[in-house]
Amino acid sequence: MSGPLTGKMNFKRRLGDPLRHLHGEQGSALVLVMFIVLLLTILGMGVLSAAVGGAQRTETRKNDVQSLHLAEKTLDEAVAYITAGLNDEINKGVDVSQADLDIKINSFLQNLPAGPNGFLTSTDLLQADGEKAVGKITSVHSERMGTGQAGQTVSYRLTLNAEAEVNGVKHTLSQTVVIDTSPDFLKYTLGSEKNLTINGAPYIQGNIYAGDTLTISDTAQYSYKNIDHTFTSQPFELTGEAHVQSLRKLVYKEQGIPDITADKITPATSMIGKIPQENVKIKNHRSFVEVNVESSFIDKVTEAVGSGANTTDISTNLKNGTLAAYLKSISSGLFDHPVLPPKPDPNDVSDHGKQLQQEYADAVRRLTVPEGSVIYNGDLTLDGTELKGITYSEKSPRNWYIIDGDLRINNYGSATPIQVRANILVTGKVEIRGKVEFDSTLFVYKKPQVINGQEEYTTTVEDASIKGLNGKELVLISQGPILINRLAAFTNDEPAPLDAFFYTDSAAELYGVGSIFSLSGGFFAKGDLTINAVRGSAAGGANDIDVTPDNRLIRFKASYNDQIFNDQQAGLPRVKAVNIRVEGLKLN
């Protein structure tokens, strides 16, 4: 059936289908909206969680860094506490022997505060609970190095363990600290507490030190026939470190080139005759452990006297020139007091002549093969003939050979060396000539007089061959200037090195121009130290030294001997402050 009615109904049916379809899609949109809301919620929660986690991680990291720094601060303050305490012990121990001082130092280190009630470091940093963060030294391990015999300087190795906690984040660190009371001058091949000047072309094996300015120049300066001369010679060689106050205190001078300081060196700078930058170390002079010759001299006399020694009386009599008489009056058997009589006639075979010869032989034996501490009043000469040396069977920290006068070791022209195995204190001057073998620490107390505006030499080493006895060496410490003069001038054969360390409270100059200077040990001056050296053969000319350049012929050579502290412990001098070397941190 077809008609208007049927067509109308068909239209309604056709119109109703899309409405029904639209009604069905309204449910899908709701689901889509809810899904999007859920997704945004998840994303928001993720962002929030990340932000909160990041904040927590930042806070944890901050606590981590703060606890680490607090542990480091604890170690730094502990080292400062130990340094101050040890220096206080040294200052209070001026009037005690080195052996007693070592006992005090050991006691101080053994009683360092550690553990729950030990050394604490607090900060103004507040924790979450309102309490201040605290670092503490949890343990101290002390290891004594060296033999520890009476009178011998020793060193210690401390291991400090620190712990710090900030808001539950804990860190533990350990640090090793090496402590000794040895003077710093014995740790360098060449050095000065003031200015160290190296002119020309020496060869130096070991470290050098300048307490003020280190100047290196390619031009040696010298005097010949009372006329000043210069000679340009290269290369300067240092196989070791240069310890200076700052890079600006290391100055290079080259002929025809403006002076340059180490802080101005660039990659384009010629490094010929210069020290590699990595071998230049900064050592502040305030941390330099100095030596006091006079107090060390008194200290060694005190050790020889033993218990009951009065340092004030020793000092007074030393300055008055009456040390021998004073020690003789108080020694009561502690010192031998040999007197060398005139040599008797060997042809006198009478009973009286034989008695005189026996007394003379006995005095020679007591002087040359002593059994304990000796005090000799007057000047003493070891000539290799009558007095052939001084040899203790074993060096003891309390056995000192004291000469209240001058000491002359004159073996010039003899092929047989004089042997000296003794620690010696000389109130006057010292002169060394010819062949000598040493295992000795020698103090020269004589203060120099100023003659024509120049200090006199109180120690003279002239045309001497100084060798170590049984592999040891000489340590010579002088209040006055030291003259080292090699008379074999204009030779081109390298001599055997001097097996010795030299120290002077004055300034010093060393030369390797006309003569050849060779040293196995070191030389240190409290005043300025100047080195002048060339390379090549040298011959005396009419008005100047004729030098034929040859880099293979080194006319000044100095090399370090690292056995000094083991060989000469008993005689090493007193220092004013403790030497502390801090090694790297270790995270536990």
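Preceding block: the structure.
Note that the structure is a prediction, hence the values are computed from the model and not measured.

(A) Quick peek at the overall build of the protein. The helix and strand inventory of the protein stands at seven helices and 37 strands. Relative to its full complement of 588 residues, the protein shows a buried share of 46%. Long-range pairs, those at least 24 residues apart, make up 63% of the contacts in the protein between residues at least 6 apart in sequence. Split by element, the accessible area of the protein, about 28,500 Å² in all, is 52% carbon and sulfur.

(B) Structural detail: the packing of aromatic side chains. Evaluation of the coordinates by the stated rule reveals 15 aromatic pairs. Judged by centre distance (6.1 Å) and plane angle (55°), the rings of Trp400 and Phe443 are tilted. Here the residue Trp400 occupies a position in the loop between β19 (389-391) and β20 (401-404), and Phe443 occupies one in strand β24 (residues 430-444), the gap between them amounting to 43 residues. Phe443 shares its class with Trp400; the two are buried. Members of the aromatic cluster, each reached through a chain of ring pairs, are Phe185, Tyr188, Tyr209, Phe288, Tyr503 and Phe524. Above the ring of Tyr252, the side-chain terminus of Lys274 is found at 5.4 Å from the ring centroid.

(C) Molecular detail of the nonpolar core. Counting 65 residues, the largest nonpolar core has Leu214, Ile424, Ile432, Ile466, Phe502 and Phe523 as its most contacted members. Here the element with the most residues in this core is β24; it accounts for six residues. Not counting the four nearest positions on each side in its chain, Ile466 is found in contact with Ile432, Val436, Phe438, Val461, Leu474, Pro497, Leu498, Asp499, Ala500 and Phe502. Of all hydrophobic cores here, the second largest spans 32 residues; its members include Leu323, Tyr445, Val475 and Tyr503.

(D) Here's a closer look at the pairing of strand β28 (residues 474-478). Burial of β28 is extensive: five of the five residues sit out of reach of the surface. Relative to β28, β24 is paired through five bridges, and the arrangement is parallel. Bridged to Val444 within β28 is Ser478. Pairing of β28 with strand β30 (residues 498-504), which is carried by five bridges, proceeds in the parallel orientation. Residue pairing across strands places Leu476 opposite Phe502, the latter belonging to β30.

(E) Expanded view of a nonpolar patch on the surface. Judged by side-chain polarity, Leu32, Phe35, Ile36, Leu39, Leu40 and Leu43 come together as a nonpolar surface patch covering roughly 590 Å² of accessible area. Within the element layout of this structure, Leu43 appears in helix α1 (residues 4-92).

(F) Fine view of the environment of Leu442. Mapped onto the fold, Leu442 is located in strand β24. For the pair Leu442 and Phe297, spaced 145 residues apart in sequence, the C-alpha separation works out to 9.8 Å. Each residue touching Leu442, except ones within four places of it in the same chain, is listed here: Leu407, Ile424, Val426, Val430, Leu474, Val475, Leu476 and Ile477.

(G) Fine view of the pattern of salt bridges. If you walk through the whole model with that rule in mind, you get 32 salt bridges. For Lys249, the salt bridge identified is with Asp212, shortest N-O distance 3.1 Å. With Lys249 in the loop between β13 (242-244) and β14 (250-254) and Asp212 in the loop between β8 (208-210) and β9 (214-217), this pair connects stretches of sequence that are 37 residues apart. Taking relative accessible area as the criterion, Asp212 reaches 29% and is therefore assigned partly exposed. Residue Arg552 pairs with Asp550 through a salt bridge whose shortest N-O separation is 3.2 Å. Residues joined in a network through salt bridges with shared partners are Asp379, Asp406, Arg408, Glu431, Arg433 and Glu462.

(H) Broad picture of the packing of helix α3 (residues 293-305) against helix α4 (residues 311-320). Running from N to C, α3 and α4 point in directions that differ by 120°, and their axes come no closer than 10 Å. On the basis of their axis angle, the class for α3 and α4 is oblique. As for how α3 packs across α4, the hand of that crossing is right-handed. Residues Glu294, Phe297, Ile298, Val301, Thr302 and Val305 of α3 touch α4, and the partners they reach there are Thr311, Ile314, Ser315, Leu318 and Lys319. Class assignment of the residues belonging to the contact of α3 with α4 gives a composition of six nonpolar, three polar and two charged.

(I) Summary view of the side chain of Ser518. On the secondary structure map, Ser518 appears in strand β32 (residues 517-525). Among the residues examined, Ser518 registers a relative accessible area of 3% and is labelled buried. Setting aside residues up to four positions removed in sequence, Ser518 forms contacts with Arg486, Glu494, Pro495, Pro497, Leu498 and Lys557.

(J) Structural context of α4. Three or more residues of α4 are buried, namely Thr311, Ile314, Ser315, Asn317 and Leu318. The inward-facing, buried residues of α4 abut α3 and α5 (323-331). A distance of 3.0 Å separates the backbone nitrogen of Thr312 from a side-chain oxygen at the start of α4, and that oxygen is part of Asn310. Of the residues one or two after α4, Gly321 is the one with positive phi, at around 75°.

Rules behind the numbers
- Residues numbered from 1 in each chain as written.
- Predicted model: local features only at pLDDT ≥ 70, side-chain atom pairs only at ≥ 80, totals over all residues.
- Heavy atoms only, no water.
- Helix = DSSP H or I, 4+ residues; strand = E, 2+ residues; numbered from the N terminus.
- Buried < 20%, exposed > 50% of the residue type's maximum accessible area, 1.4 Å probe, protein only.
- Contact = heavy atoms within 4.5 Å.
- Areas by Shrake-Rupley, 256 points an atom, 1.4 Å probe, with all protein chains shown as cover.
- Phe/Tyr/Trp six-rings, centres within 6.5 Å; stacked < 30°, edge-to-face > 60°.
- Lys NZ or Arg CZ within 6 Å of the ring centre and 35° of its normal.
- Core = buried A, V, L, I, M, F, W, Y, C linked by side-chain atoms within 4.5 Å.
- Pairing = 2+ DSSP bridges.
- Patch = residues over 30% accessible without salt bridge, like charges linked within 9 Å, V, L, I, M, F, W, Y side chains within 5 Å.
- Salt bridge = Lys/Arg side-chain N within 4 Å of Asp/Glu carboxyl O.
- Axes fitted to C-alpha atoms, helices over the stretch in contact; angles between N-to-C directions.
- Parallel < 35°, antiparallel > 145°, perpendicular 65-115°, else oblique.
- Left-handed = near helix turned anticlockwise from the far one by under 90°.
- Nonpolar A, V, L, I, M, F, W, Y, C, P; charged D, E, K, R; others polar.
- Polar contact = N/O pair within 3.5 Å; in protein donor to acceptor, adjacent residues only side chain to side chain.

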